[in-house]
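Fold and contact review
Take a look at the letters that make up each chain.
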Amino acid sequence: MSVTGPAGFRAAGVAAGIKAAGARDVALVVNDGPQQAAAGVFTTNKVKAAPVLWSQQVLKERKLRSVVLNSGCANACTGPEGFQDTHATAEKVADVLGVGAIEVAVCSTGLIGERLPMDALLSGVDTAAKALANDDQAGLDAATAVLTTDSKPKQALGKHDAGWSIGGFAKGAGMLAPNLATMLSVITTDAMIGGDDLDEALRAASRVTFDRLDVDGGTSTNDTVLVLASGASGVAPSKQDFTELLTAVCMDLVRQLQDDAEGATKTIDITVRGAASESDAVAIGRTIAEDNLVKTAMFGSDPNWGRIAMALGRVDAEIDVAKLEIATNGVTLYADGTKARDRSEADLSGRAIEIVVDLHLGEHAATILTTDLSHDYVEENSAYSS
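Residues numbered from 1 in each chain as written. Predicted model: local features only at pLDDT ≥ 70, side-chain atom pairs only at ≥ 80, totals over all residues. Heavy atoms only, no water.

1. Describing the pattern of salt bridges
Taken as a whole, this structure holds 22 salt bridges when the rule is applied. Of the charged contacts in the structure, one is a salt bridge between glutamate 345 and arginine 341, with a shortest N-O distance of 2.6 Å. By relative accessible area, which is 41% here, glutamate 345 ends up partly exposed. Given a relative accessible area of 40%, arginine 341 falls into the partly exposed group. (Salt bridge = Lys/Arg side-chain N within 4 Å of Asp/Glu carboxyl O. Buried < 20%, exposed > 50% of the residue type's maximum accessible area, 1.4 Å probe, protein only.)

2. Observations regarding the sheet that holds strand β1 (residues 9-14)
Strand order in the open sheet formed by four strands is β1-β2-β4-β5, with mixed pairing between adjacent strands. The two strands at the open ends of the sheet, each matched to only one other strand, are β1 and β5 (104-109). On average, each strand axis in the sheet is inclined to that of its neighbour by 10°, with strand direction left out of account. The sheet strands contacting helix α4 (residues 136-145) are β1, β2 (26-31) and β4 (66-71), and the helix crosses β1 at an angle near 50°. (Pairing = 2+ DSSP bridges. Helix = DSSP H or I, 4+ residues; strand = E, 2+ residues; numbered from the N terminus. Axes fitted to C-alpha atoms, helices over the stretch in contact; angles between N-to-C directions. Contact = heavy atoms within 4.5 Å.)

3. Details of the side chain of aspartate 141
As for its placement among the helices and strands, aspartate 141 is situated in helix α4. Given the relative accessible area of 14%, aspartate 141 is considered buried. Those residues in contact with aspartate 141, other than ones at most four positions away along the chain, are Gly13 and Arg24.

4. Regarding the domain arrangement of the chain
In terms of domain boundaries, the chain breaks down into domain 1 (9-260) and domain 2 (267-381). Distance between the C-alpha centres of domain 1 and domain 2: 33 Å. Tallying the contact residues gives 16 residues for domain 1 and 18 residues for domain 2. Both faces combined, the contact of domain 1 with domain 2 buries some 1400 Å², and carbon together with sulfur accounts for 41% of it. Taken as a group, Arg212, Asp214 and Gln258 account for 46% of the area that domain 1 buries against domain 2, more than any other trio of residues on that side. Applying the counting rule to domain 1 against domain 2 returns eleven residue pairs in polar contact (both at pLDDT 80 or more). Considering each element in turn, the side of domain 1 that touches domain 2 owes the most residues, five residues, to helix α6 (residues 239-259). Across the side of domain 1 that touches domain 2, the residue classes break down as five nonpolar, four polar and seven charged. (Domains from an automatic or database assignment. Buried area = accessible area lost by both parts, 1.4 Å probe. Polar contact = N/O pair within 3.5 Å; in protein donor to acceptor, adjacent residues only side chain to side chain. Nonpolar A, V, L, I, M, F, W, Y, C, P; charged D, E, K, R; others polar.)

5. Side note on the environment of alanine 275
Topologically, alanine 275 is positioned in strand β10 (residues 267-275). The residues contacting alanine 275, other than those within four sequence positions of it, are Asp280, Ala281, Leu359, Leu361, Gly362, Glu363 and His364.

6. Considering helix α5 (residues 195-207)
Because an α-helix completes one turn every 3.6 residues, residues spaced three or four positions apart along the sequence face the same direction. When the terminal C-alpha atoms of α5 are compared, their 18 Å separation across 13 residues agrees well with the 18 Å that a helix rising 1.5 Å per residue should span. What α5 keeps buried is the set Gly195, Leu198, Asp199, Ala201, Leu202, Ala205 and Ser206. Seen from one end, α5 has its buried residues packed into an arc of 165°, which puts them on one side. Taken together, the buried residues of α5 touch β3 (37-42), β9 (224-229) and α6. (Expected span 1.5 Å × (residues − 1). Arc of directions from axis to C-beta.)

7. Some words on the pairing of strand β8 (residues 184-189)
For β8, a buried count of six out of six residues is recorded, marking the element as mostly surrounded by other parts of the structure. When strand β7 (residues 165-171) meets β8, the two strands line up antiparallel, connected through six bridges. By the bridge assignment, alanine 170 is partnered in β8 with serine 185. Pairing geometry for β8 and β9, over six bridges, is parallel. In the sheet register, isoleucine 187 faces β9, and the bridge partner there is valine 227. In this view, the connection linking β8 to its parallel neighbour β9 by way of α5 has right-handed handedness. (Right-handed = clockwise from strand over helix to strand, strands pointing away.)

8. Focus on the nonpolar core
Grouped together as the largest cluster of nonpolar side chains are 47 residues, with contacts concentrated most on Val67, Leu69 and Phe169. Ala39, Ala156, Val254 and Leu369 belong to the second-largest nonpolar core, a separate cluster that totals 32 residues. (Core = buried A, V, L, I, M, F, W, Y, C linked by side-chain atoms within 4.5 Å.)

9. Observations concerning the pairing of β9
In terms of burial, β9 is a largely internal element, six of the six residues being buried. Residues Thr224, Leu226 and Leu228 of β9 are buried on one face, and the alternating residues Val225, Val227 and Ala229, pointing to the opposite face, are buried as well. The sheet contact formed by β3 and β9 spans six bridges and is antiparallel. Considered in β9, the bridge of valine 41 is made with valine 225.

10. So, the packing of aromatic side chains
Describing an aromatic ring pair means giving the distance of the ring centres and the angle of the ring planes. Under the counting rule described, the total for this entry stands at three aromatic pairs. Centroid distance tryptophan 305 to tyrosine 334: 5.0 Å. Interplanar angle 40°. Geometry classified as tilted. With tryptophan 305 in helix α9 (residues 305-313) and tyrosine 334 in strand β12 (residues 331-335), this residue pair connects regions lying 29 residues apart in the sequence. For tyrosine 334, a relative accessible area of 7% puts it in the buried group. (Phe/Tyr/Trp six-rings, centres within 6.5 Å; stacked < 30°, edge-to-face > 60°.)

11. Some thoughts on the confidence of the model for the chain
The pLDDT averaged across the chain works out to 93; a share of 96% of its residues lies at or above 70. Predicted confidence for residues 175-182 stays below pLDDT 50, and this span has 48 contacts to residues more than four positions away or in other chains. (pLDDT = per-residue confidence, 0-100.)

12. Section: the packing of helix α7 (residues 278-290) against α9
α9 packs onto α7 with a crossing angle of 130° between their chain directions and a minimal axis gap of 8 Å. With respect to their mutual orientation, α7 and α9 come out oblique. As for how α7 packs across α9, the hand of that crossing is right-handed. Contacts from Ile284, Thr287 and Ile288 of α7 reach α9 at Ile308, Ala311 and Leu312. Among the residues making up the contact of α7 with α9, the classes are represented as five nonpolar, one polar and no charged. (Parallel < 35°, antiparallel > 145°, perpendicular 65-115°, else oblique. Left-handed = near helix turned anticlockwise from the far one by under 90°.)

In structure tokens form, the structure reads like this:
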């Protein structure tokens, strides 16, 4: 179901003692080949964690043999010492696997501003290396070891009729916003594909999946999505076929992230169509998704189209109020510059909500995925450091 679904990969997830509760907190994913192509996308936040800086460097070679991930500490804003800790982690993985440190990516998630407990982490690498396996349980263990405030692991697997597949896991429940990656995710494939083509496919897929999830407007310091290709299937798919399946797997993971977002009682899809450009559609959808007045209205199951109109009206995009339409859950509430139907006709009592904004200005469209702003979200994010 996960990173061990495609041939050529082993994984493990163990408890190393980074988390006080004794939960799994170190994951290892290993590409046994015969190929080791890789690509990644990372946070655009200017405050980047040490693991992001390291992984960006090593991925210039478009090759990875392994990824090591830890939860419980982000190793962000930790200065040169934090980067040294990341380097030491990669060196440890390289040593136990008999590979080069430049072939090891590092990911961390958790509290910002604290140094990693290196004795525990390095010991955890040893334990994880001994536990490596290529079965479903190993993939699940790895997916579980990266969780922070998530309520459950998130895994996906897509198989192509030609005999190759793509699998992966992701973590993330809060501090999720667009800008390439939106959390930590490791994706694997046994397709035969080169590093440059893999990078191109990942960027195309992430642009319409990871980049369209916006839970709270917070772009994390550690966001990373990695794709590793083993070539073990012996099948070289077309660029189009590979990108399509990769996009489907990424969207599966994104939907699971949306559904498990911190405090969410509603999952909200905001589709903006009829835009003069795709960038306009994305900007309008993102602004609506991040607007607290809209999000609290959705929490209250209130189809308050006035708040939606207010939010989109402040976007630097081409908008003609006389042509604008706003609908919620299939009911057009605003059209031609005025109220179209009574908002009570739109039923938002269920978990899923769809907002559709039609600008009637062009052929471009985009959908942004978000959630409501609930009491639980506020309470959870005020009760702990993140």
